[in-house]
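# Report on the structure
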Amino acid sequence: MRKVLLSMISLSMAFGAKAQQDTTTVELSEVVIKENRMEIPFNKTSRNVSIIARKAIETTPARSLQEVLSFTPGVDVRQRGISGVQASVGIRGGSFEQTLMLLNGIKLTDPQTNNHMMNIPLPLQGIDRVEVLKGPGSRIYGQNAFAGAINVVTTLPETKSLNFQAYGGGFGSRGASLVTALPLAGGKYKQTLSFSHDASDGHWHNSDFKVSNLFYEGGLDLNQNNELKVMAAISDRTFGANGFYTDAFPDQWESLQTGLAALSHTYQKDAVWVQTRAYWRRNYDEFRLRRFEPDFFTNNHVSDVFALEANGRYEHSLGTTGFGVEGRKEMIDSNNLGQRERDFLGVFAEHRIEFLEKFDFRAGLYSNYFDEYGWKHFPGAELGFQLSNSSRFYTNYGISFRIPSFTELYYEDPSNLSNPDLQPEQARSFEIGYIFTKEGFRFETVYFNRFSDNLIDWNRAPSDEAVNPNRWTPRNISEVKFNGFESSIAYAPNWGGTNAMLKEVSLSYNFIDATLSQAEGVESRYALNALRNQFIAGLQAQFTERVELTLKGRYIERMALDPYFVMDARMDFNRMRTFGFFAEVSNITDTEYIEAGFVQMPGRWGRAGITVNLY
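Everything in this summary refers to the structure shown in the same document. (Residues numbered from 1 in each chain as written. Predicted model: local features only at pLDDT ≥ 70, side-chain atom pairs only at ≥ 80, totals over all residues. Heavy atoms only, no water.)

Now for the sheet that holds strand β8 (residues 129-134). The strands making up a sheet are joined through hydrogen bonds of the backbone, oriented either antiparallel or parallel. Read from one edge to the other, the open sheet built from five strands follows the order β3-β8-β9-β6-β7, with strand pairing classed as mixed. For this open sheet the edge positions go to β3 (49-52) and β7 (106-107), each flanked by a neighbour on one side alone. The pairing of β3 with β8 spans four bridges and is antiparallel. Bridge pairing in β8 links V49 to L133. (Pairing = 2+ DSSP bridges. Helix = DSSP H or I, 4+ residues; strand = E, 2+ residues; numbered from the N terminus.)

Take the side chain of E382 next. When you line up the elements, E382 lands in strand β21 (residues 374-386). Polar side-chain contacts of E382 include one of 2.4 Å to the side chain of R139. When neighbours within four sequence positions are excluded, E382 is seen to be in contact with S46, R47, R139, I140, D360, F361, R362, T395 and N396. (Polar contact = N/O pair within 3.5 Å; in protein donor to acceptor, adjacent residues only side chain to side chain. Contact = heavy atoms within 4.5 Å.)

So, about the packing of aromatic side chains. Under the definition given, this model contains 24 aromatic pairs. When the ring of F378 is compared with that of F401, the centres are 4.0 Å apart and the planes differ by 10°; the resulting orientation is stacked. Placement of F378 in strand β21 and of F401 in strand β22 (residues 391-402) is noted, with a sequence separation of 23 residues between them. For the residue pair F378 and F401, the accessibility class agrees, reading buried in each case. Following the ring pairs from residue to residue traces out a cluster consisting of F485, Y509, F511, F535 and Y555. Lying across the ring of F482, R450 places its NZ or CZ 4.6 Å from the centre. (Phe/Tyr/Trp six-rings, centres within 6.5 Å; stacked < 30°, edge-to-face > 60°. Buried < 20%, exposed > 50% of the residue type's maximum accessible area, 1.4 Å probe, protein only. Lys NZ or Arg CZ within 6 Å of the ring centre and 35° of its normal.)

The topology assignment puts N213 in strand β13 (residues 209-221). You can call N213 buried: its relative accessible area is 5%. For N213 and L156, which are 57 residues apart along the polypeptide, the C-alpha to C-alpha distance reads 18 Å. Not counting residues within four places of it along the chain, the set of residues in contact with N213 comprises I120, P121, L122, P123, S194, F195, S196, I234 and S235.

Next up on the list: the pairing of strand β24 (residues 441-452). For a regular strand, the rule is simple: side chains alternate between the two faces of the sheet. Note that strand β23 (residues 425-438) and β24 share 12 bridges and pair antiparallel. Note on β24: the bridge partner recorded for F430 is N449. Two strands pair when backbone bridges link them, and β24 and strand β27 (residues 479-491) are joined in this way by 12 bridges, in the antiparallel orientation. Bridge pairing links V446 to E486 in β27.

This part is about a nonpolar patch on the surface. On the surface, L178, L193, F195, L214 and I234 cluster together into a nonpolar patch covering about 430 Å² of accessible area. The topology assignment puts L178 in strand β11 (residues 174-181). Judged by its relative accessible area of 32%, L178 is partly exposed. (Patch = residues over 30% accessible without salt bridge, like charges linked within 9 Å, V, L, I, M, F, W, Y side chains within 5 Å. Areas by Shrake-Rupley, 256 points an atom, 1.4 Å probe, with all protein chains shown as cover. Salt bridge = Lys/Arg side-chain N within 4 Å of Asp/Glu carboxyl O.)

Attention now goes to unusual backbone geometry. In this structure, F171 takes a positive phi of about 60° despite not being glycine. Mapped onto the secondary structure, F171 falls in the loop between β10 (161-169) and β11. Even without a glycine there, the phi angle at D270 is positive, about 55°.

Moving on, we get to the pattern of salt bridges. Tallied over the full model, the rule gives 47 salt bridges. A salt bridge links R281 to D110; its shortest N-O distance comes to 2.8 Å. Note that R281 is positioned in strand β16 (residues 272-288) and D110 in the loop between β7 and β8, a separation of 171 residues in sequence. Residue R281 is classed as buried on the basis of its relative accessible area of 3%.

The antiparallel open sheet is built from three strands, whose spatial order is β26-β25-β30. Where the open sheet ends on each side, the last strands, each with one partner, are β26 (473-476) and β30 (523-524). Taken together, the four bridges between strand β25 (residues 456-460) and β26 define a ladder with antiparallel strand orientation. Residue pairing for β26: I456 is matched across the bridge by N476.

Attention now moves to the pairing of β10. Where β10 lies against β11, eight bridges are found, and the strand directions are antiparallel. Each residue of the ladder has a partner; that of G168, found in β11, is R174. Adjacent in sequence and paired antiparallel, β10 and β11 are bridged by four residues, among which F171 carries a positive phi angle near 60°. In this structure, β10 lies alongside strand β35 (residues 605-614), joined through eight bridges in antiparallel fashion.

As a further point, take the nonpolar core. Soluble globular proteins tend to pack their nonpolar side chains together in the buried interior. Within the largest apolar cluster, 32 residues are counted, with the highest numbers of intra-cluster contacts made by L65, L69 and V130. Those elements that provide at least two residues to this core are α3 (65-69), β4 (75-79), β5 (87-91), β6 (99-103), β8, β9 (148-153), β14 (226-240) and β15 (253-269). Not counting chain neighbours up to four residues away, the residues in contact with L65 comprise M118, I120, L124, I127, V130 and V152. Counting residues in hydrophobic clusters, the runner-up holds 29 residues, among them A147, L256, F448 and W605. (Core = buried A, V, L, I, M, F, W, Y, C linked by side-chain atoms within 4.5 Å.)

Mapped onto the elements of the fold, I140 is located in helix α4 (residues 138-141). What makes I140 buried here is its relative accessible area of 1%. Sequence separation between I140 and P379 is 239 residues, and the spatial gap between their C-alpha atoms is 9.8 Å. Aside from chain neighbours lying at most four places away, what touches I140 is E35, R37, R47, L133, F348, R362 and E382.

Okay, here's the thing in structure tokens:
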């Protein structure tokens, strides 16, 4: 491996001519937020949204989307091991069950448990950008967008390209990825094919893993008004799960296979845009309490999601009107949860107008029908005021909800008890913020509030025994209030010269205060386990036009865990040229910390690899 790396470094120095310009550097003001109906320029949105652009994905010291998201303000990523082999993601104090993950607008929610929502069957190198919507998203995306939503966006290039990466590092970590684009028929049919494989021997006992992803996307221009798209993907991940769910069984093991297939048709003519699509997601989950003794305790789950959607918008003299309808069937076949299925129907309607030159207003309603609960309605509204070309005020209000997962309703084992009488959780959220953007400088500050009186949480009665014999049970607890604010600064100064230049600096702070009202002495598993203080800082410098250095640091204090500070670094050489090299160091500070479960995260470790770009 060392000889191969040295050989490729030599080649990169010899063939250093640029393959093309760094198209990943995009002004945020030019980005259009890809919601399922509305398309709104980033600088016109009246929500707190973070955009992770392609360049940031490439240069962040990370090998997975989970690690990239951990440097996003207001996003709480809790990894169980390295390289995002399994991670829970929450937004603004919400749990992983209250976060909606999407791939090109397609919901990746798993009815078994949202622990599987990050089983994204797509290599990191295949992602064009990530849009993180903070706050209630039910009006826009439907149920499960309770505290926020994360939309992973891919693109279909119009030119041929090939990107290859390979790396190796500490704990026996190794991996490779290949992302290709091959348009055909004079560019009428665009397609991409991506593959990745990551593996490690593990940073402690029984923490080895193997993760493989295969992703295909194609788009056919039928004519100037009609387009067909197809998407197919498979993810296979197998890992030792020491400390993932309990510390009593260090040889836990899990294997997950996730498949996704989607077909969509888009019609656009003049002021009318309509998209229809169908998709199917299947997830296999095998969990063993003792890795090499499957007969001792094994859970097998197979979940399926079938969905049909139609979304559209119409632009006219009175603004833009959006509309949509979705039908969804969720099924599971499990030796623990049983055979279950449920059906949903959702209807969307919204309208956006601009008035008095500087104001814009958007309001809408999502109505959901579920046979066990009947119709429920979730309105929301946004108001923006463009004080000047650089300054913008905004505020919004929304009601969000989430239907319990099959695990919350039916799962039982010696430590957990089910609750089939759970009701959907619902929250009212408010937000007010200010944005200033000018000449490479961006500042945003926002206050947010979320109130819920039927939040779902796992809790148990107290006990005087050393090991509490009472089982965890999900319940609709009485009342929870979240108050918080977030401030972030990003600046691209481009200070210096050819030999050394400071390209970008960023700093953000997020604070959350939570108040829980429930019976005295009851233990809560998730409700008060959210972020309290979160500092994130970043710096990027460039040397001799070939070397880029990225530093990322984060200080995390959660309400129920010890605080910690972690710093990571990445160096890229010839990143956009034909042959390149990169090296990363994680946890430079050699910090001891736990993010989730009982998993002790690794100390200082590194990895290095090569890149090949052909166009």
